[in-house]
Amino acid sequence: MTLQDLVLPDESYALMGAAFEVYKELGPGFLEAVYEEALARELAHRQIPFQRQVPLVIHYKGHPLDKHYLCDILAYGLVILELKAIRGITDIEVAQTLNYLKASRLPLALILNFSAHGKLEWKRLTLTQT
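Residues numbered from 1 in each chain as written. Predicted model: local features only at pLDDT ≥ 70, side-chain atom pairs only at ≥ 80, totals over all residues. Heavy atoms only, no water.

In terms of helices and strands, the protein carries three helices and five strands. Starting at the N terminus and walking to the C terminus, you meet the elements of the protein as α-α-β-β-β-α-β-β. For 130 residues, the compact-globule estimate of 2.2 N^0.38 gives 14 Å, and the protein sits close to it at 14 Å. C-alpha atoms of the protein, sized along the principal axes, occupy 45 × 35 × 30 Å. (Helix = DSSP H or I, 4+ residues; strand = E, 2+ residues; numbered from the N terminus. Rg over C-alpha atoms; globule rule 2.2 N^0.38 Å.)

Listed below in structure tokens is the structure:
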């Protein structure tokens, strides 16, 4: 895979830089809400457009359902940031985030796990993986 094959490479690079900065500053061990607030501040500092706690509407046969998903952060209006503070990213988090992509029809999601031991754990997902 080359850089040209990546979905939103510049945006991904900027977002990962912000996430690494938050991890460098806070390290592991905090609640997800702490990382969300810290990442929001870092994104604002870097002038990266974002929204927090964005509802993602689910459609059934062309009609919106009353139930919806809530994504932690939506950056650039295109990238779902799903934040975690868990031991490790599992198939459950991947499936949840793929459902967010399907519901929103957005091109890219990043799962960012701030509580993996010794590093920021992350996974990049696109709709082509469904």
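Time to look at the pairing of strand β4 (residues 108-113). Most of β4 is tucked away: six of the six residues are buried. The alternating pattern of β4 places Leu-108, Leu-110 and Leu-112 and Ala-109, Ile-111 and Asn-113 on opposite faces, both of which are buried. Alignment of strand β3 (residues 79-84) against β4, held across six bridges, turns out to be parallel. Bridging from a neighbouring strand, Leu-81 pairs with Leu-110 of β4. For the crossover from β3 across helix α3 (residues 91-104) to β4, the handedness is right-handed. Pairing between β4 and strand β5 (residues 121-126): six bridges, direction antiparallel. Of the residues in β5, the one forming a bridge with Ala-109 is Leu-125. (Buried < 20%, exposed > 50% of the residue type's maximum accessible area, 1.4 Å probe, protein only. Pairing = 2+ DSSP bridges. Right-handed = clockwise from strand over helix to strand, strands pointing away.)

Here the focus is the nonpolar core. In this structure, Leu-15, Leu-39, Leu-43, Leu-81, Leu-112 and Phe-114 are the most contacted members of the largest nonpolar core, which totals 21 residues. Of all the secondary-structure elements, those providing two or more residues to this core are α1 (9-26), α2 (32-45), β2 (63-75), β3 and β4. Dropping the residues within four chain positions of it, Leu-39 is found in contact with Ala-18, Ala-19, Val-22, Ile-73, Leu-81, Leu-83 and Leu-112. Within the second largest apolar cluster, 14 residues are counted, among which are Leu-56, Ile-89, Tyr-100 and Leu-106. (Core = buried A, V, L, I, M, F, W, Y, C linked by side-chain atoms within 4.5 Å. Contact = heavy atoms within 4.5 Å.)

Taken in spatial order, the five strands of this open sheet run β1-β2-β3-β4-β5, and their pairing is mixed. Two strands bound the open sheet, and with one partner strand each, they are β1 (50-60) and β5. Put simply, the sheet's adjacent strands are angled 35° from each other on average, direction ignored. The strands touched by α1 are β2, β3, β4 and β5; relative to β4, the strand with the most contacts, the crossing angle is about 15°. Lying on the sheet, α3 is in contact with β1, β2, β3, β4 and β5; it crosses β3 at an angle near 155°. (Axes fitted to C-alpha atoms, helices over the stretch in contact; angles between N-to-C directions.)

With that settled, consider the side chain of Ser-12. Secondary-structure assignment places Ser-12 in helix α1. At 3.0 Å, the side chain of Ser-12 forms a polar contact with the side chain of Arg-124. (Polar contact = N/O pair within 3.5 Å; in protein donor to acceptor, adjacent residues only side chain to side chain.)

Attention now moves to the pattern of salt bridges. Across all of its chains, the model carries five salt bridges by this definition. Notably, a salt bridge pairs Arg-41 with Glu-37, separated by 3.1 Å at the nearest N-O pair. Within this pair, Arg-41 and its partner Glu-37 are both found in helix α2, separated by four residues, close to a single helical turn. For Arg-41, a relative accessible area of 59% puts it in the exposed group. A relative accessible area of 36% places Glu-37 in the partly exposed class. Arg-46 is the partner of Glu-42 in a salt bridge, and the nearest nitrogen-oxygen pair spans 2.6 Å. On the basis of relative accessibility, which here comes to 16%, the residue Glu-42 falls in the buried class. (Salt bridge = Lys/Arg side-chain N within 4 Å of Asp/Glu carboxyl O.)

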